[in-house]
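Read off the chains here:
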Amino acid sequence: MRNRRRRARTALTVVLAAVLGVAGCDTLGGASPAPKSGRTSRPVPVWDSSPSSIAAVGDSITRGFDACTVLSDCPEVSWATGTNTRVDSLAVRLLGRAGAAERSWNYAVTGARMTDLPGQMAHAVTRKPQLVTVMAGANDACRTTTSAMTSVADFRASFEKAMSTLREALPKTQVYVASVPNLKRLWSEGRTSPLGKQVWKLGICPSMLGDADDLTSAATLRRDTVQQRVRAYNKVLAEVCAKDERCRFDGNAVFDYRFGTGQLSRWDWFHPSTDGQARLAAIAYRTVTGKEPVS
C-alpha cells in the first residue's frame, strides 16, 4: 500500500512538472501577457490636409475686389473660394471644381477690419466647414492717419473673439490664417505707375500710400510706423494661432512674398490682380497641405 502511494505521488510530481514546463515561469509569477493583435492602432492626426468643405472670412482681398472690373467684388477669382481657372483657388485645389462650387462659402466683406471678423465667423460656422480661411488686417493699418490705425491690443482681442466664436460651435474645424500683406512693398512697387499714384490720391490706404512721392523724413516715418504696425498684427496672428492645435499661420509667407506690379490690380494698384490671387492660393495650399506647420 505504501509503495502504491509513493508511486502515485511520484506520478503526480511528474505531471505537475510537465504542466509547469509547458506554461513557463509566468504561471508562478502572475498572469501571462495578452497575445498581441496583428493590428496596431495609429493615432488620428490633428491636422487634416484634405478637408471636405471650406468657408472664408476676411476683407476685400478675399472678395477679389478690383481684380475683374473697377470698384467691384469679383469672388470668382478669390484665392480662397474662387472658381476661375487662372486662379486655381484653395477650394478648387482641395475639393475639385465641382466640390468647390458646392462646399465652399465666402463670407468676407470688402472694407472689413478685424473687429468685423467675429460676426463673419458666426455666419461661417452655420455651414459647419472643415476648414476656415482668414485674411484680415490690411484695413486696420490702412487708415486716414497712423493714429487712427487699430491698436495692437484691440486687434488681438477681436481675433481671439473670432477664434472663440468658431471654437464654441466647431471645436475640430481647422483654420488657415494668412499674414497681412507688406503694404510698404505695395507702395514701392505701385509708385512706379503714374496712373497708380493718381488713383491713390482718391484715398486708397492714405496712411501708407498718401503723397506717394514724398520722401521727407516725416513721410518716411509715417510709412515706417504703418509697416511696424503690420508686423505687430502678424505677430498677434501667429501667437493666437499657435495656441490652437488646429490652426496654421502661414509663417509670414504672404507678407514676405516679393510681388511685382503684375500681381496688382490695374485699376487701383493696391488689391491683388487675378495673377496675385493665384499666388495667394498657392501659398495657402502649401500651408494647408504641408506635413508640418510653417515655423
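How each quantity is defined
Residues numbered from 1 in each chain as written. Predicted model: local features only at pLDDT ≥ 70, side-chain atom pairs only at ≥ 80, totals over all residues. Heavy atoms only, no water. Buried < 20%, exposed > 50% of the residue type's maximum accessible area, 1.4 Å probe, protein only. Helix = DSSP H or I, 4+ residues; strand = E, 2+ residues; numbered from the N terminus. Pairing = 2+ DSSP bridges. Axes fitted to C-alpha atoms, helices over the stretch in contact; angles between N-to-C directions. Contact = heavy atoms within 4.5 Å. Parallel < 35°, antiparallel > 145°, perpendicular 65-115°, else oblique. Left-handed = near helix turned anticlockwise from the far one by under 90°. Core = buried A, V, L, I, M, F, W, Y, C linked by side-chain atoms within 4.5 Å.

Student: In this structure, what is going on with the pairing of strand E1 (residues 54-58)? I would like to understand it.
Tutor: Judged by how many residues are buried, E1 sits mostly within the fold: 5 of 5 residues are covered. Here E1 shows no split at all, with Ile54, Ala56 and Gly58 on one side and Ala55 and Val57 on the other all buried. Direction of pairing for E1 relative to strand E2 (residues 104-106): parallel, over a ladder of 3 bridges. What sits directly across from Ala55, in E2, is Trp105. With 5 bridges joining them, E1 and strand E3 (residues 131-135) adopt parallel strand pairing. Following the sheet pairing, Gly58 is matched in E3 by Met135.

Student: Hey, could you run me through the sheet that holds E3 in this one?
Tutor: The pairing of strands in a sheet happens through backbone hydrogen bonds and is either parallel or antiparallel. If you trace the 5 strands from one edge of the open sheet to the other, you get E2-E1-E3-E4-E5, paired in parallel fashion. The open sheet has two free edges, formed respectively by E2 and strand E5 (247-249), since each of these has just one partner strand. On average, each strand axis in the sheet is inclined to that of its neighbour by 15 degrees, with strand direction left out of account. This element, helix H4 (residues 90-103), spans E1, E2 and E3 of the sheet and lies at about 90 degrees to E2. Helix H5 (residues 117-124) rests against E1 and E3 of the sheet, and its axis sits at about 165 degrees to E1.

Student: I keep staring at the packing of helix H7 (residues 152-169) against helix H11 (residues 217-242) and nothing clicks. Help me out?
Tutor: A packed helix pair is summarised by two numbers, namely the angle formed by the two axes and the spacing between the axes. Interhelical geometry of H7 versus H11 gives an angle of 30 degrees and a closest axis separation of 10 Å. One element, H7, and the other, H11, form an angle in the roughly parallel class. For H7 against H11, the interelement crossing comes out right-handed. The residues of H11 that touch H7, namely those facing Val152, Phe155, Arg156, Phe159, Glu160 and Met163, are Arg229, Ala232, Tyr233, Val236, Leu237, Glu239, Val240 and Cys241.

Student: Quick question: what am I supposed to make of the nonpolar core here?
Tutor: Nonpolar side chains in soluble globular proteins tend to end up buried together. Counting 46 residues, the largest nonpolar core has Val134, Phe159, Val177 and Leu183 as its most contacted members. Here this core gets 7 residues from one element, more than from any other, and that element is H11. Once residues lying within four places of it in the same chain are set aside, the contact partners of Val177 are Val134, Phe159, Leu237, Cys241, Cys247, Arg248, Phe249 and Asp250.

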